[in-house]
Amino acid sequence: MLKIAGLCEFPESGRLHPPLGLRSIVLHLLALLQKEFPVEGRTAQGKGILGRENPKPFLRTTGEYNVSDGSTAALAEASRFVCELAAIRTGDDLFNPWGESDLTWDRSRLAPCVRRLHFTYYLARRLGRVRWVWIGEALGYRGARFSGVPFTSERILLSLHPEIPAEVVFGRRGVRTSRPDHPILAGRTSKATRRYGFTEMSATLVWRAVRAAGLAPEDVVFFSVVPFHPLDPKRGPMSNRPPRRREVREGLEVLSEFLGIFRRWNGGFGSPRVIAIG
């Protein structure tokens, strides 16, 4: 097994061909995982499962990201934070998507690794560029529980969303982590979530707001006061519940570190503005 920057263990058979920098390794791992877990339901490029063009394009980004200290430094910083986040132990009714898996719902024990890779690359693309930090209450089971990125659903990452292209998240398509044969629960999961992955209304609304504000995707970074998924133990893993005061208090410590990273990387550009959403 190869351990890459604390993010993931991957079989030797994955053939990581040297020489590769950290950024190249992350992209290579994502490509290997995409081959192992192919996406179903993809339509013509630039369209989602409904076959509709995006009603209004996002503000064009500057393309392949390039921060002052180099992409490797940004990935190392993002990797450190995500690995620390993954190491936090939570209770039975608070799920850590970067450190835990549940094979009733996750398609592989590699699912937390995939989610760490997603969140690491998402953060690294925004270091030194973010103007706004949008903070939610907590993660939901339809969004970051499976995607690993706050306010982002699997369908967005898989380019299966009718409005929001995968490229706005971190420049490329991600990897599905939910099982395509997961149980069907009335009102919570369906044949559509089996085939296309999970979708989340709040994710759609937030990304729409980014587009409507005329912001480039890298102008904004998403996070939550409680960075994990609070679930209702009576209703099971595919449920949400309001965070408890203790969870909010502990989450504020993580949020403080998260904001500190972006303040340091913004340097002379000043601290990004923080707003609460939801």
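Our subject is the structure that appears above.
No experiment lies behind these values; they were computed from the predicted model shown.

K.L.:
Just checking my understanding: could you explain the sheet that holds strand β7 (residues 273-276) for this structure?
P.N.:
The pairing of strands in a sheet comes from backbone hydrogen bonds and takes either a parallel or an antiparallel form. Reading across the sheet, the three strands line up as β5-β4-β7 and stay open at both edges, with parallel pairing between neighbours. A strand with exactly one partner marks an edge of an open sheet, and here the two such strands are β5 (220-226) and β7. On average, each strand axis in the sheet is tilted by 30 degrees relative to the strand beside it, whichever way the strands run. Bridge count between strand β4 (residues 132-138) and β5: six bridges; the pairing is parallel. Bridge assignment links Trp-132 to a residue of β5, and that residue is Val-220. Sitting on the sheet, helix α9 (residues 245-266) is in contact with β4, β5 and β7, with an inclination near 155 degrees to β5.

K.L.:
Explain the packing of aromatic side chains to me, please; I cannot follow it from the model alone.
P.N.:
Each aromatic ring pair is characterised by the separation of its centres together with the angle its planes make. All told, the structure shown has 15 aromatic pairs when counted by the stated rule. Pairing Phe-81 with Phe-258 gives two aromatic rings, centres 5.6 Å apart and planes at 55 degrees, and the pair type is tilted. Residue Phe-81 is located in helix α2 (residues 71-86), and its partner Phe-258 is located in helix α9; the two are separated by 177 residues in the primary sequence. Here a set of aromatic residues connected by ring pairs shows up, and it is made of Phe-81, Trp-98, Phe-119, Tyr-122, Trp-134, Phe-151, Trp-207, Phe-222, Phe-223, Phe-228, Phe-258 and Phe-262. Over the aromatic face of Phe-95 sits the side chain of Arg-145, whose NZ or CZ is 3.9 Å from the ring centroid. Here Arg-145 stacks its cationic end above the ring of Phe-146, 4.3 Å away from the centre of that ring.

K.L.:
Just checking my understanding: could you explain the pattern of salt bridges for this structure?
P.N.:
A side chain of one charge can pair with a side chain of the opposite charge if their charged atoms are brought near each other. For the coordinates displayed, the defined rule picks out 16 salt bridges. The partner of Arg-241 in a salt bridge is Glu-247, with the nearest N and O atoms 2.7 Å apart. The exposure classification of Arg-241 matches that of Glu-247, with both residues buried. When the shortest N-O distance is used, the salt bridge between Arg-246 and Glu-250 registers 3.6 Å. Placement of both Arg-246 and Glu-250 in helix α9 is noted, with a separation of four residues, approximately one turn of the helix. Arg-246 sits in the partly exposed class, given a relative accessible area of 41%. Here the residues in one salt-bridge network are Glu-77, Arg-80, Glu-84, Glu-257 and Arg-264, joined through shared partners.

K.L.:
Honestly, the side chain of Ser-147 in this entry has me stumped. Any pointers?
P.N.:
Among the secondary structure elements, Ser-147 is positioned in helix α4 (residues 144-147). Assessed through its relative accessible area of 1%, Ser-147 is described here as buried. Here the side chain of Ser-147 touches Val-149 through a polar contact of 3.1 Å, landing on its backbone nitrogen. In contact with Ser-147, not counting residues within four places along its chain, are Arg-115, His-118, Thr-152, Ser-153, Glu-154 and Leu-157.

K.L.:
In this structure, what is going on with unusual backbone geometry? I would like to understand it.
P.N.:
Keep in mind that most residues, glycine aside, have a negative phi and that most peptide bonds are trans. Positive phi, close to 50 degrees, is recorded for Phe-151, a residue that is not glycine. Turning to its location among the elements, Phe-151 is positioned in the loop between α4 and α5 (154-157). On the accessibility criterion, Phe-151 (13% relative accessible area) is buried. A positive phi angle, near 60 degrees, is found at Ser-159, a position not held by glycine.

K.L.:
How do you make sense of the environment of Glu-137 when you look at a structure like this?
P.N.:
With respect to the helices and strands, the residue Glu-137 is situated in strand β4. By relative accessible area, which is 52% here, Glu-137 ends up exposed. Spatially, the C-alpha atom of Glu-137 lies 6.1 Å from that of Val-226, the residues being 89 residues apart in sequence. For Glu-137, the contacting residues outside a window of four places in its chain are Ser-224, Val-225, Val-226 and Pro-243.

K.L.:
How should the packing of α2 against helix α3 (residues 111-124) be read in this particular structure?
P.N.:
Geometrically, a packed helix pair is captured by the angle between its two axes and the distance between the axes. Axis separation between α2 and α3 bottoms out at 8 Å; the angle between their running directions is 135 degrees. For the element pair α2 / α3, the angle class is oblique. Judged by the sense of rotation from one axis to the other, the crossing of α2 with α3 is right-handed. Taking contact as the criterion, the partners of Ala-74, Leu-75, Ala-78, Ser-79, Phe-81, Val-82, Leu-85 and Ala-86 in α2 are, on α3, Arg-116, Phe-119, Thr-120, Tyr-121, Leu-123 and Ala-124. Across the contact of α2 with α3, the residue classes break down as 11 nonpolar, two polar and one charged.

What counts, and where the lines are drawn
- Think of each chain on its own: its residues are numbered from 1, step by step along the sequence as written.
- Since the coordinates come from a predicted model, pLDDT governs what is reported: local features require at least 70, and pairs of side-chain atoms require 80 or more to be given and counted, while whole-chain, interface and lining totals use all residues.
- Based on all heavy atoms of the structure, the side-chain values leave hydrogens and waters out of the count.
- Here the rule is simple: two strands pair whenever DSSP picks up at least two bridges between them.
- Here a helix means four or more residues in a row that DSSP labels H or I, a strand means two or more in a row labelled E, and each is numbered from the N terminus.
- A fitted line through C-alpha atoms represents every axis, and for helices the fit uses only the stretch in contact; the resulting angles, taken between N-to-C directions, go from 0 to 180 degrees.
- In this description, contact between two residues means that some pair of their heavy atoms is separated by no more than 4.5 Å.
- A pair of aromatic rings is counted whenever rings of Phe, Tyr or Trp (Trp by its six-membered ring) have centres within 6.5 Å, and the orientation is called stacked for planes under 30 degrees apart, edge-to-face for over 60 and tilted otherwise.
- Criterion for a charge above a ring: Arg CZ or Lys NZ at most 6 Å from the ring centre, at most 35 degrees from the ring normal.
- We count a salt bridge whenever a side-chain nitrogen from Lys or Arg sits within 4 Å of a carboxyl oxygen from Asp or Glu.
- For each residue, the accessible area found with a 1.4 Å probe, counting protein chains only, is set against the maximum for its type, and the residue is called buried under 20%, exposed over 50%, and partly exposed in between.
- Counted as a polar contact is a pair of N or O atoms within 3.5 Å, where, for protein atoms, one must be capable of donating a hydrogen and the other of accepting one, and residues adjacent in sequence contribute only when both atoms are in side chains.
- For classification, angles of less than 35 degrees are called roughly parallel, those exceeding 145 degrees roughly antiparallel, those between 65 and 115 degrees roughly perpendicular, and all remaining angles oblique.
- For any helix crossing, the convention is left-handed if the near helix is rotated counterclockwise from the far helix by under a right angle, and right-handed if that rotation is clockwise.
- We call Asp, Glu, Lys and Arg charged. Ala, Val, Leu, Ile, Met, Phe, Trp, Tyr, Cys and Pro are nonpolar, and the rest, Gly among them, are polar.

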